[in-house]
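As a plain string of letters, each chain reads:
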Amino acid sequence: MGNSNIADLIEEYILRQLAAQQDGKVELRRTEIADKISCAPSQISYVLNTRFTQEKGFAVESRRGLGGFIRIVQVPLQNLVYQDMLERLTEESDISLVQSMVRYLVQHQMITTREAALVMQSVTTAYKKLKPKDRLRFIRSLLLTLEKFS
C-alpha cells in the first residue's frame, strides 16, 4: 500500500467520524486511528496538516502524549469568509474595499442582490455621516448580521 492510500484511508476515517456527529465536531485519539488503520501516528499528523486545513474549512486542535487527542471542527467556509472580511476592515478602509466585499458575497451566492443593495445603501450613508470609528463598528455589525443569517 502506497503512502497516498494510507492517507486516503485516514482521511476517510476522520470524515466518517465527523459525518456521524450532529455539530460538525469530533474528538479522536491518535492511537485509536493508528490501530484501526494500522499506520504510524506521524502519518495521521501528515493527513491532518495537509487535508484538514483552515483553507478547506477545518479547525484542528491536537494534544500529543499519552492522553493525546485530536479535536476536529468543521467550520462552514462562509464563516471563514466573513471572519476574513471583519479582520481586513479598519477605520482607514476605503468604501471601495467594502464594495468589493459586497460584490464577492453576491458573486458567491452568499447574499442576494437585494441584500447587497440594502447593505451598500447603508454603507454609503455610513461613509457620509459617521466618524471612522462608528462607521467601522456599523459595517462590522452589518457583516456579523449577514453571517448570522447565512
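Residues numbered from 1 in each chain as written. Predicted model: local features only at pLDDT ≥ 70, side-chain atom pairs only at ≥ 80, totals over all residues. Heavy atoms only, no water.

Across its full length, the protein chain carries seven helices and three strands. Here the protein chain has a C-alpha radius of gyration of 21 Å; the compact-globule value for 150 residues is 15 Å, and the former is much larger. Along the longest, intermediate and shortest principal axes, the C-alpha atoms of the protein chain span 65 × 30 × 25 Å. Taking all 150 residues of the protein chain together, the buried fraction comes to 35%. Of the roughly 9,600 Å² of accessible surface on the protein chain, a fraction of 51% belongs to carbon and sulfur atoms. A gap of 6 Å separates the mean positions of the 21 positive and 17 negative side-chain charges of the protein chain. (Helix = DSSP H or I, 4+ residues; strand = E, 2+ residues; numbered from the N terminus. Rg over C-alpha atoms; globule rule 2.2 N^0.38 Å. Buried < 20%, exposed > 50% of the residue type's maximum accessible area, 1.4 Å probe, protein only. Areas by Shrake-Rupley, 256 points an atom, 1.4 Å probe, with all protein chains shown as cover. Lys, Arg positive; Asp, Glu negative; His and termini not counted. Charge placed at Lys NZ, Arg CZ, Asp CG, Glu CD.)

Okay, the side chain of Ser45 next. Residue placement: Ser45 occurs in helix H3 (residues 41–51). We classify Ser45 as buried; its relative accessible area is 10%. Beyond its immediate stretch of four places on either side in the chain, Ser45 contacts Arg30 and Arg64. (Contact = heavy atoms within 4.5 Å.)

What describes a pair of aromatic rings is the distance from one ring centre to the other and the angle between the planes of the rings. Tallying each qualifying case throughout the model produces one aromatic pair. Their ring planes at 65° and their centres at 4.8 Å tell us that Phe52 and Phe58 sit as a pair that is edge-to-face. (Phe/Tyr/Trp six-rings, centres within 6.5 Å; stacked < 30°, edge-to-face > 60°.)

Reading across the sheet, the three strands line up as E1-E3-E2 and stay open at both edges, with antiparallel pairing between neighbours. At either margin of the open sheet sits one strand with a lone partner, and together these are strand E1 (25–28) and strand E2 (58–63). Each neighbouring strand pair of the sheet contributes to a mean axis angle of 15°, computed without reference to strand direction. Examined bridge by bridge, E2 and strand E3 (residues 69–74) share six bridges and lie antiparallel to one another. Looking across to E3, one finds that Ser62 is bridged to Ile70. Against the sheet, helix H2 (residues 30–37) makes contact with E1, E2 and E3, and its axis sits at roughly 80° relative to E1, the strand it touches most. (Pairing = 2+ DSSP bridges. Axes fitted to C-alpha atoms, helices over the stretch in contact; angles between N-to-C directions.)

Turning to unusual backbone geometry, a few remarks are in order. Here the phi dihedral of Ser38 falls at roughly 50°; this positive angle occurs in a residue that is not glycine. Take Ser38: it is sitting in the loop between H2 and H3. One non-glycine residue, Gln109, adopts positive backbone phi at about 50°.

So, on to the environment of Leu28. Tracing the backbone through its elements, the reader meets Leu28 in strand E1. On the accessibility criterion, Leu28 (3% relative accessible area) is buried. Sequence-wise, Leu28 and Gln54 are 26 residues apart; in three dimensions their C-alpha atoms are separated by 18 Å. Once residues lying within four places of it in the same chain are set aside, the contact partners of Leu28 are Ile14, Gln17, Ile33, Phe69, Ile70 and Ile72.

Our focus in this paragraph is the pairing of E3. Bridge analysis of E1 against E3 gives four bridges, and the strand direction is antiparallel. The partner of Lys25 across the bridge, within E3, is Val73.

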